[in-house]
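# Geometric and topological summary
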Amino acid sequence: QLVGCAVLLAAERTRAIGEVVGVVCRDEITGSAALGNDLLDVEIHPEDEGEPPLRVFLPFVPAIVPEVDVASRRLYVTPTPGLLELAQPAEDEDVYVRGLLPAAGKTGGSA
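In this text the structure is predicted, and so the values were computed from the model without any measurement.

Parameters at a glance
- Residues numbered from 1 in each chain as written.
- Predicted model: local features only at pLDDT ≥ 70, side-chain atom pairs only at ≥ 80, totals over all residues.
- Heavy atoms only, no water.
- Core = buried A, V, L, I, M, F, W, Y, C linked by side-chain atoms within 4.5 Å.
- Buried < 20%, exposed > 50% of the residue type's maximum accessible area, 1.4 Å probe, protein only.
- Helix = DSSP H or I, 4+ residues; strand = E, 2+ residues; numbered from the N terminus.
- Contact = heavy atoms within 4.5 Å.
- Patch = residues over 30% accessible without salt bridge, like charges linked within 9 Å, V, L, I, M, F, W, Y side chains within 5 Å.
- Areas by Shrake-Rupley, 256 points an atom, 1.4 Å probe, with all protein chains shown as cover.
- Salt bridge = Lys/Arg side-chain N within 4 Å of Asp/Glu carboxyl O.
- Lys, Arg positive; Asp, Glu negative; His and termini not counted.
- Polar contact = N/O pair within 3.5 Å; in protein donor to acceptor, adjacent residues only side chain to side chain.
- Phe/Tyr/Trp six-rings, centres within 6.5 Å; stacked < 30°, edge-to-face > 60°.
- Lys NZ or Arg CZ within 6 Å of the ring centre and 35° of its normal.

A few words now on the nonpolar core. One finds Val20, Leu40, Val42, Leu58 and Leu75 to be the most contacted residues of the largest nonpolar core, which totals 18 residues. Elements represented by at least two residues in this core include exactly strand 1 (6-9), strand 2 (16-24), strand 3 (39-44), strand 4 (54-59) and strand 6 (74-77). In terms of residues, this core owes the most to one element, strand 3, which gives three residues. In this structure, Val20 is in contact with Leu2, Val3, Gly4, Cys5, Val7, Leu40, Asp41, Val42 and Leu75, ignoring residues within four places of it in sequence.

In structure tokens, the structure reads:
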């Protein structure tokens with residue numbers, strides 16, 4: 001339900017800074033649904049036209065995502081200082097989390 005939602009800064013509430021493009025479930029990271037937090041994979045809109053979009057993982061916790069409005073497809077975020085600056089250019093290659101193994105049928109490449 002969260003994929004495709006607009007991401008807005010809670011303090012501004014008017015301008016979307018990005019969009020949720022994926023969710024990494026905590027059990028994919030820790031191996032247990034009882035440990036850790038889910039992460040939102042957010043594509044940050046570039047400030048300058050022609051710049052590539054950036055991607056950042058935001059912890060899906062109330063301190064960082066205090067409000068989710070599923071009906072209007074909006075998430076309001078209050079990122080800690082420096083969190084959005086961790087955004088990196090999106091990778092074109094597939095990333096495999098669990099066990100760092102390639103998906104069935106894929107070979108080659110390094111983890």
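Once you've had a look at it, read on.
Moving on, we come to a nonpolar patch on the surface. A grouping of Phe60, Val68 and Val70 is seen on the molecular surface, where their side chains present a nonpolar patch of about 200 Å² in accessible area. Note on placement: Val68 falls in strand 5 (residues 67-69). You can call Val68 partly exposed: its relative accessible area is 34%.

What follows covers the side chain of Asp38. Summarising the element assignment, Asp38 is placed in the loop between helix 1 (26-30) and strand 3. One buried charge, Asp38, has no salt-bridge partner; the nearest side chain with opposite charge is Arg26, at 4.0 Å. Side-chain polar atoms of Asp38 contact the backbone nitrogen of Arg26, separated by 2.7 Å. Those residues within four positions of Asp38 in sequence are excluded, and the remaining contacts are Val23, Val24, Cys25, Arg26, Leu58, Pro59 and Phe60.

Structurally, the position occupied by Asp41 is in strand 3. The exposure class assigned to Asp41 is buried, which follows from its relative accessible area of 11%. With residues near it in sequence (within four places) discarded, Asp41 still touches Glu19, Val20, Val21, Gly22, Arg55, Val56 and Phe57.

So, about unusual backbone geometry. Leave glycine aside and you will find that most residues have negative phi; peptide bonds, for their part, are mostly trans. For Arg13, which is not a glycine, the phi torsion comes out positive at approximately 65 degrees. Checked against the element boundaries, Arg13 lands in the loop between strand 1 and strand 2. One non-glycine residue, Arg73, lies in the positive phi region at around 60 degrees. Positionally, Arg73 belongs in the loop between strand 5 and strand 6.

We now examine the packing of aromatic side chains. Enumeration over the complete set of coordinates arrives at zero aromatic pairs. Lying across the ring of Tyr76, Arg13 places its NZ or CZ 3.9 Å from the centre.

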